[in-house]
Amino acid sequence: MKTARTDVGADAAALAPLQSFLCQFWSDADLPDADRFPFELALEEVFMNVVMHGSTGLHDVRVAVTLSADEDRQVEMVIRDGGNLFNPLQAPVPDTDAPIEARSVGGLGIHLVITLMDDVRYSADGGQNCLTLRKRVAADNRGA
Amino acid sequence: MNVTHDTAQKTTTLHAIGRLDFEAAGGFQKDLEASVSAAAADGNAVLIDCSALEYVSSAGLRVFLVGARAAKAANVPFAVYALTASVKEVFDVSGFGRIIDVLFDRAGALEKVGRGA
């Protein structure tokens, strides 16, 4: 079992360091590069949601990200934030059939995340938002 | 993210290279809107070459939407081509293939915007 944890302020400037943290974990855990994308996407979508909406009216909101991978290549990412309580899994599903004039990307980020992950769970844990995202990655690097 | 431009056969092509994330989205949107305006004035089509675009998030998708809308409003033929696996997955899940012409390669894209051989 490989685990890594980091903690950043809810500021858009922290997005690049968070992605570097994910990349470092991915290579340390020897996970296949081809399977990193859903986690990079989920990290950006969830983190930017906290930055843009979750920290409205609050100061010094922190976001903690914990990554782990077990021997069966089950990867788990837990994102905890002290922002306004919000369950993204209850957000309305965007209409992906609407004509171009009526399209927006509101809600599309979390819809992408739910679709690309195997399992996404939300809890309001000790007054914090806690999102747990899981996906089993396919083959290992050596086989590629 | 880097973007290079070229114009040939009455077609302006933006080659999108790297990661289109929240950070890159603002700059790419300005670039694409300016390219669509210039193409409208010159009677050109606009293509986006995505063959080196490794990553797109919902913030990046929004730029494709804004660009496609601007092109439609200005009667500028518009298409994207050569999506990488990750970017294609995002387009598929979000249904963007139903509102933006997505072609497999440059030849298909040129044909789609009426610049085929």
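Note that this is a predicted model, so its numbers are computed, not measured.

## Some words on the sheet that holds strand S3 (residues 74-81) of chain A
Residues and elements named next belong to chain A.
Inference 1: Taken together, the five strands give an open sheet; going across it, the order is S1-S2-S3-S5-S4, and neighbouring strands pair in antiparallel fashion. Among the strands making up the open sheet, the edge pair consists of strand S1 (2-9) and strand S4 (119-125). Within this sheet the neighbouring strands show an average axis-to-axis angle of 15 degrees, counted without direction.
Inference 2: Relative to strand S5 (residues 128-136), S3 runs antiparallel, the two sharing eight bridges. Considered in S5, the bridge of valine 78 is made with threonine 132.

## Topic: the nonpolar core
Inference 1: If you look at the biggest cluster of nonpolar residues, it comprises 40 residues, and the most contacted ones within it are Ile48(B), Phe64(B), Phe78(B), Val80(B), Phe91(B), Phe96(B) and Ile100(B).
Inference 2: Elements that contribute at least two residues to this core include exactly helix H2 (37-54) and helix H3 (108-116) of chain A together with strand S2 (11-20), helix H1 (22-42), strand S3 (45-56), helix H2 (58-73), strand S4 (78-81) and helix H3 (85-94) of chain B.
Inference 3: The element that contributes the greatest number of residues to this core is H2(B), accounting for seven residues.
Inference 4: Dropping the residues within four chain positions of it, Val80(B) is found in contact with Ile48(B), Cys50(B), Phe64(B), Phe91(B), Ile100(B), Asp101(B), Val102(B) and Leu103(B).
Inference 5: By size, the runner-up hydrophobic cluster in this structure holds 35 residues, among which are Ala10(A), Ala29(A), Leu67(A) and Val113(A).

## Regarding the confidence of the model for chain B
Inference 1: Averaged over every residue, the pLDDT of chain B is 97; residues scoring 70 or more account for 100%.
Inference 2: Among the scores for the predicted complex, ipTM is 0.95 and pTM is 0.95.

## Here's the deal with the interface of chain A and chain B
Inference 1: Contact with chain A, which involves 27 residues of that partner, is made by 24 residues of chain B.
Inference 2: Roughly 2200 Å² is buried in total at the junction of chain A and chain B, and carbon and sulfur atoms are behind 63% of that figure.
Inference 3: Arg98(B) is the salt-bridge partner of Asp97(A), the closest N and O atoms lying 2.8 Å from each other.
Inference 4: At the junction of chain A and chain B, the tally comes to 13 residue pairs in polar contact (both at pLDDT 80 or more).
Inference 5: Broken down by secondary-structure element, the contributors of at least two residues to the side of chain A that touches chain B are helix H1 (15-28), H2 and H3 of chain A.
Inference 6: Element by element, the count of residues in the side of chain A that touches chain B is highest for H2(A), at seven residues.
Inference 7: Partitioning the side of chain A that touches chain B into residue classes produces 15 nonpolar, six polar and six charged.

## Some thoughts on the packing of aromatic side chains
All names here are of chain A.
Inference 1: Taken as a whole and judged by the stated rule, the model has five aromatic pairs over all chains.
Inference 2: Measuring from ring centre to ring centre gives 5.3 Å for tryptophan 26 and phenylalanine 39, while their planes differ by 50 degrees; the resulting arrangement is tilted. One end of the pair, tryptophan 26, is in helix H1; the other, phenylalanine 39, is in helix H2, and 13 residues separate them in sequence.
Inference 3: By relative accessible area, which is 0% here, tryptophan 26 ends up buried.
Inference 4: Taking the relative accessible area as the measure of exposure, phenylalanine 39 reaches 0% and is therefore buried.

## Concerning the pattern of salt bridges
Inference 1: All told, the structure shown has 13 salt bridges over all chains when counted by the stated rule.
Inference 2: Taking the shortest distance from any N to any O, the salt bridge between Glu101(A) and Lys72(B) comes out at 2.6 Å. Here Lys72(B) lies in helix H2 and Glu101(A) lies in the loop between S3 and H3, a pairing that spans two chains.
Inference 3: When its relative accessible area of 52% is taken as the criterion, Glu101(A) is described as exposed.
Inference 4: Put simply, Asp119(A) and Arg121(A) hold a salt bridge, and the shortest N to O gap is 2.9 Å.
Inference 5: By relative accessible area, Asp119(A) is classed as partly exposed at 22%.

About the thresholds
- Residues numbered from 1 in each chain as written.
- Chains lettered and ligands numbered in written order.
- Predicted model: local features only at pLDDT ≥ 70, side-chain atom pairs only at ≥ 80, totals over all residues.
- Heavy atoms only, no water.
- Pairing = 2+ DSSP bridges.
- Helix = DSSP H or I, 4+ residues; strand = E, 2+ residues; numbered from the N terminus.
- Axes fitted to C-alpha atoms, helices over the stretch in contact; angles between N-to-C directions.
- Core = buried A, V, L, I, M, F, W, Y, C linked by side-chain atoms within 4.5 Å.
- Buried < 20%, exposed > 50% of the residue type's maximum accessible area, 1.4 Å probe, protein only.
- Contact = heavy atoms within 4.5 Å.
- pLDDT = per-residue confidence, 0-100.
- Buried area = accessible area lost by both parts, 1.4 Å probe.
- Salt bridge = Lys/Arg side-chain N within 4 Å of Asp/Glu carboxyl O.
- Polar contact = N/O pair within 3.5 Å; in protein donor to acceptor, adjacent residues only side chain to side chain.
- Nonpolar A, V, L, I, M, F, W, Y, C, P; charged D, E, K, R; others polar.
- Phe/Tyr/Trp six-rings, centres within 6.5 Å; stacked < 30°, edge-to-face > 60°.

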